[in-house]
Amino acid sequence: MPKIIVEVMPKSDLLDPQGKAVAGALGRLGHSTITDVRIGKRFELTVEGEVTEQILADVATLADEIFSNQVIEDVTSIRVEEAQA
């Protein structure tokens, strides 16, 4: 069965405290070439049958209305992953 992957990230102009904490920890661990980390969310929706344009439109609506907080987050990606054999 195919999966629809929805990725949500904090808006680029807002502070990402989790990302800042991880970036600081990486620096303290000697990974000084990594200067910024942003942490987001990933949703995997399993679909029975074919993924149609209507299903993708419905998922886009869900992403905007339920999966993300449009005040502080952006939906950055909606894509289909076919099932691997």
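Just above, that's the structure.
Residues numbered from 1 in each chain as written. Predicted model: local features only at pLDDT ≥ 70, side-chain atom pairs only at ≥ 80, totals over all residues. Heavy atoms only, no water.

Here we look at the layout of surface pockets
Part 1: Its volume calculated, the largest pocket comes out at about 160 Å³.
Part 2: Taken together, P10, L14, L15, D16, P17, Q18, I39, G40, K41, I72 and E73 make up the full set of residues lining the largest pocket.
Part 3: Per-class residue counts for the lining of the largest pocket are six nonpolar, two polar and three charged. (1 Å grid on protein atoms, 1.4 Å probe; cavity = no way out; pocket = protein on both sides within 12 Å on 5 of 7 lines; lining within 4 Å. Points joined across faces, edges and corners; volume = space filled by probe spheres on them. Nonpolar A, V, L, I, M, F, W, Y, C, P; charged D, E, K, R; others polar.)

Describing the packing of aromatic side chains
Part 1: For the coordinates displayed, the defined rule picks out one aromatic pair.
Part 2: Ring geometry for F43 and F67: centres 4.3 Å apart, planes at 15 degrees, overall stacked. A residue pair is termed long-range when its members are at least 10 positions apart, and F43 in strand β2 (residues 41-46) and F67 in helix α2 (residues 53-67) qualify at 24 residues.
Part 3: Assessed through its relative accessible area of 22%, F43 is described here as partly exposed. (Phe/Tyr/Trp six-rings, centres within 6.5 Å; stacked < 30°, edge-to-face > 60°. Helix = DSSP H or I, 4+ residues; strand = E, 2+ residues; numbered from the N terminus. Buried < 20%, exposed > 50% of the residue type's maximum accessible area, 1.4 Å probe, protein only.)

What about the side chain of D16?
Part 1: Examined against the element boundaries, D16 turns out to sit in the loop between β1 (3-10) and α1 (17-28).
Part 2: Lacking a salt bridge, the buried D16 has R38 as its closest oppositely charged neighbour, with an N-O distance of 4.5 Å.
Part 3: If near-sequence neighbours (up to four positions away) are discounted, D16 is found in contact with P10, V37, R38 and I39. (Lys, Arg positive; Asp, Glu negative; His and termini not counted. Salt bridge = Lys/Arg side-chain N within 4 Å of Asp/Glu carboxyl O. Contact = heavy atoms within 4.5 Å.)

Here's the deal with the nonpolar core
Part 1: By size, the foremost hydrophobic cluster in this structure holds eight residues: I4, V6, V8, V47, V51, V59, A63 and F67.
Part 2: Of all elements in the fold, only β1 and α2 reach the threshold of two or more residues within this core.
Part 3: Leaving out residues up to four positions away in the same chain, V47 has contacts with M1, P2, I4 and I55. (Core = buried A, V, L, I, M, F, W, Y, C linked by side-chain atoms within 4.5 Å.)

By themselves these figures say nothing about function.
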